Amino acid sequence: MSGINIGLGNNDTEIRREANSDFITFWERQAKNLSWFSTWKKTLDWSPPFARWFVGGTINASYNTLDIHQQNKADKPAILWEGENGESRVLTYKDMWTRVQKFANVLKSLGVQKGDRIIIYLPMIPELPISMLACARIGAIHTVIFSGFSAAAIKDRIDDSKSKIVITADGGYRRGNIIKLKEVIDEAIKDFDFIQNVIVVERTKNKINMSSKDMLWNELMHNISDTCVAEKLDSSHPLYILYTSGTTGKPKGVLHGTGGYLTHLYSTFKWAFDIKDSDVFFCTADIGWVTGHSYVVYGPLLHGATEVMYEGAPDFPDVSRIWKIIQKYKVTILYTTPTALRMSMKFGDDLPNSFDLSTLRLLGSVGEPINPEVWKWYFKIIGKEKCPIIDTWWQTETGGMMISALPGLETISLKPGSGTLPIPGLNISVVDETGNDVPPNTKGYLVIKNPWPGMLLTLWGDDEKYRDVYWSKYKNCYYPGDYALKDTDGYFWLLGRADDVLKVSGHRIGTAELESCIVSHHDVAESAVCGIPDEIKGEAIIAFVVLKQNVTAEALILEKELSIKIRTDIGAIATPKQIYFVTALPKTRSGKIMRRLLKGIANNETIGDVSTLEDGAAVTEIQSAFDELQKSIHKKSN
Ligand code: WT7
């Protein structure tokens, strides 16, 4: 086996053996690492595609992340917070516990009850995890929205979740600017009578309008009891909704439960990061995405770990910010994205080399495929050839890691660019269109053949869609929508999305969502969006646009208008790199847009590269569509 042989000396082969022989008993044993109020009667209730873990057990996520540490770790820092502007705050486990209980009482005093949904639209400040854990404490379902999303995007999510409280801030810092979050919320909720209150954290002290619904965080927290007993919740009680993009127009509300989800996180956090009491953990993800939910909030706090939480952009004031933070806080474990690494790598080795990174002992990557070249740079320049790199594959829907090397569990030979093996207890395969396993080294679709504890309960309010999106392509198999291959050593290589979902800087963007935004512009008749490889972002967005007849506006002006529209309707992360105005979109006889052909064109491929890829279209048909399109293209780049 070729590869970098590096491990931390742990080798718990018993775990794999047990997991392979009986995954249900295996997970049951892992669940016992958590504190339950009452134990379960049944470990797994599996009526495909609905899994309920630890049925009859009662538990609380806030209790498991805070109360259990008060005996031995009350004064241990939980969060070492670094503001973008250089400010810092330290919150111990005791501080977190007190604030969470107080804020849980605030929510209760506003009439929040078990099962209510609460929108959280906050920057990366400690009040964000505090709000989440306060919801969890009383059984309210938190719905965090990434603070880069626009008012229109928030509106959809508030409407779908029918949340009655919104928690936001006056503003947030991003690359030295103030993003006026409260203004965005004012716009997003103006048509919704069901919103009872907006709670505002004062972060930037910019001027805001306060209406009768609005209340200040500090005032609410001033005179309130710091004791709030954690609710005993059913294991399957929903912990949160997190909206994510898919192949359909509207984002889907991924619903996660409590007992199973926490079991998955407790285990993967321990196995993947080999966490020790002395570690300083740093995950650079924003809590607005699932990585932040699972490995900034729940995973580290379940273990009583100390972690760094950084407020701002990784490249502010320059690309060495992450390295500077590692030096300042003596970080031992770093979990970041290929995009952040590629950005840094572009500026050369001198920057990271000018910081003391010697405290690092383990490195992780998440969110998108990591190219071997970047992997090697990460290994050599950041890890000084002594830190294992774990490349962790998973999704919003899976709740936690699914494929990863696990230095806390076993020694394994790493191969740059491979996620290595599934975590114990999972049966993962690569299959063809008909569901048969493909031979080694053959590209196919990744499938998961048994339920796992972190898996989503359903899509909020839409069981049918849940069944349809994830469980209808293959019988009783979960279909994540990724291409993969398994090599002769059984190692998995993740090869990107197999559906119409893009990964731009690791963020998930649905092409259908973007297309419906573009066609809602009054001059646009039709649109198709695809991705092309991008040196830094992994993928960049390309839009093909057919204008309505008699549109006289210039392409340049329209392009600007469309970019603004996308920013307003979705957010800046969805802005296309290029917009092509074409006279028609290439379609098959049955009317399907030939997406891969568009992608081929955007990638400057020849017809030969794309002809075999198009489903259901004859080669001559593709040829003429290709010629037509090339003739009609007006390329405009940003
Ligand atoms: C999609 C899920 C993982 C949590 C953050 C993103 C891609 C994720 C990897 C990886 C290759 C990866 C997949 C997946 N992806 N991790 N290590 N290697 N691809 O969660 O936004 O739900 O996106 O991200 O395509 O399906 P997400």
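Report on the accompanying structure. (Residues numbered from 1 in each chain as written. Predicted model: local features only at pLDDT ≥ 70, side-chain atom pairs only at ≥ 80, totals over all residues. Heavy atoms only, no water.)

1. Observations concerning the sheet that holds strand β21 (residues 389–392)
Adjacent strands of a sheet pair through backbone hydrogen bonds, lying either parallel or antiparallel.
Stage number 1. Reading across from one edge, β6-β5-β18-β17-β19-β20-β21 is the order of the seven strands in this open sheet, with mixed pairing throughout. Across the chains shown, the open sheet's two edge strands, defined by having one partner strand only, are β6 (88–92) and β21. Each strand of the sheet is rotated relative to its neighbour by a mean of 20°, with strand direction disregarded.
Stage number 2. Looking at chain direction, strand β19 (residues 333–336) and strand β20 (residues 362–366) are connected through four bridges and run parallel. Looking across to β20, one finds that Leu-334 is bridged to Leu-363.
Stage number 3. Of the strands in this sheet, β5 (77–82), β6, β17 (280–283), β18 (306–310) and β19 touch helix α11 (residues 321–329), which is tilted by about 140° from β5. (Pairing = 2+ DSSP bridges. Helix = DSSP H or I, 4+ residues; strand = E, 2+ residues; numbered from the N terminus. Axes fitted to C-alpha atoms, helices over the stretch in contact; angles between N-to-C directions. Contact = heavy atoms within 4.5 Å.)

2. Description of the pairing of strand β2 (residues 42–47)
Stage number 1. Here β2 runs beside strand β3 (residues 50–55); their pairing, made up of five bridges, is antiparallel. Each residue of the ladder has a partner; that of Leu-44, found in β3, is Trp-53.
Stage number 2. Hairpin connection from β2 to β3: two residues lie between these consecutive antiparallel strands.

3. A word on the pattern of salt bridges
Stage number 1. Under the defined criterion, the tally for this structure stands at 38 salt bridges.
Stage number 2. Residue Arg-321 is joined to Glu-82 by a salt bridge in which the shortest nitrogen-to-oxygen separation is 3.0 Å. Here the residue Arg-321 occupies a position in helix α11, and Glu-82 occupies one in strand β5, the gap between them amounting to 239 residues. Judged on exposure class, the residue Arg-321 and its partner Glu-82 are both buried.
Stage number 3. Via salt bridges that share partners, Asp-274, Lys-276, Asp-279 and Arg-361 belong to a single interconnected network. (Salt bridge = Lys/Arg side-chain N within 4 Å of Asp/Glu carboxyl O. Buried < 20%, exposed > 50% of the residue type's maximum accessible area, 1.4 Å probe, protein only.)

4. So, the nonpolar core
Stage number 1. Counting 180 residues, the largest nonpolar core has Phe-103, Ile-199, Phe-273, Tyr-298 and Trp-323 as its most contacted members.
Stage number 2. Those residues in contact with Phe-103, other than ones at most four positions away along the chain, are Ile-130, Ser-131, Ala-134, Ile-167, Ile-199, Trp-217 and Met-221.
Stage number 3. In terms of nonpolar packing, the next biggest core, distinct from the first, is built from 17 residues, Ile-532, Ile-542, Ile-601 and Phe-626 among them. (Core = buried A, V, L, I, M, F, W, Y, C linked by side-chain atoms within 4.5 Å.)

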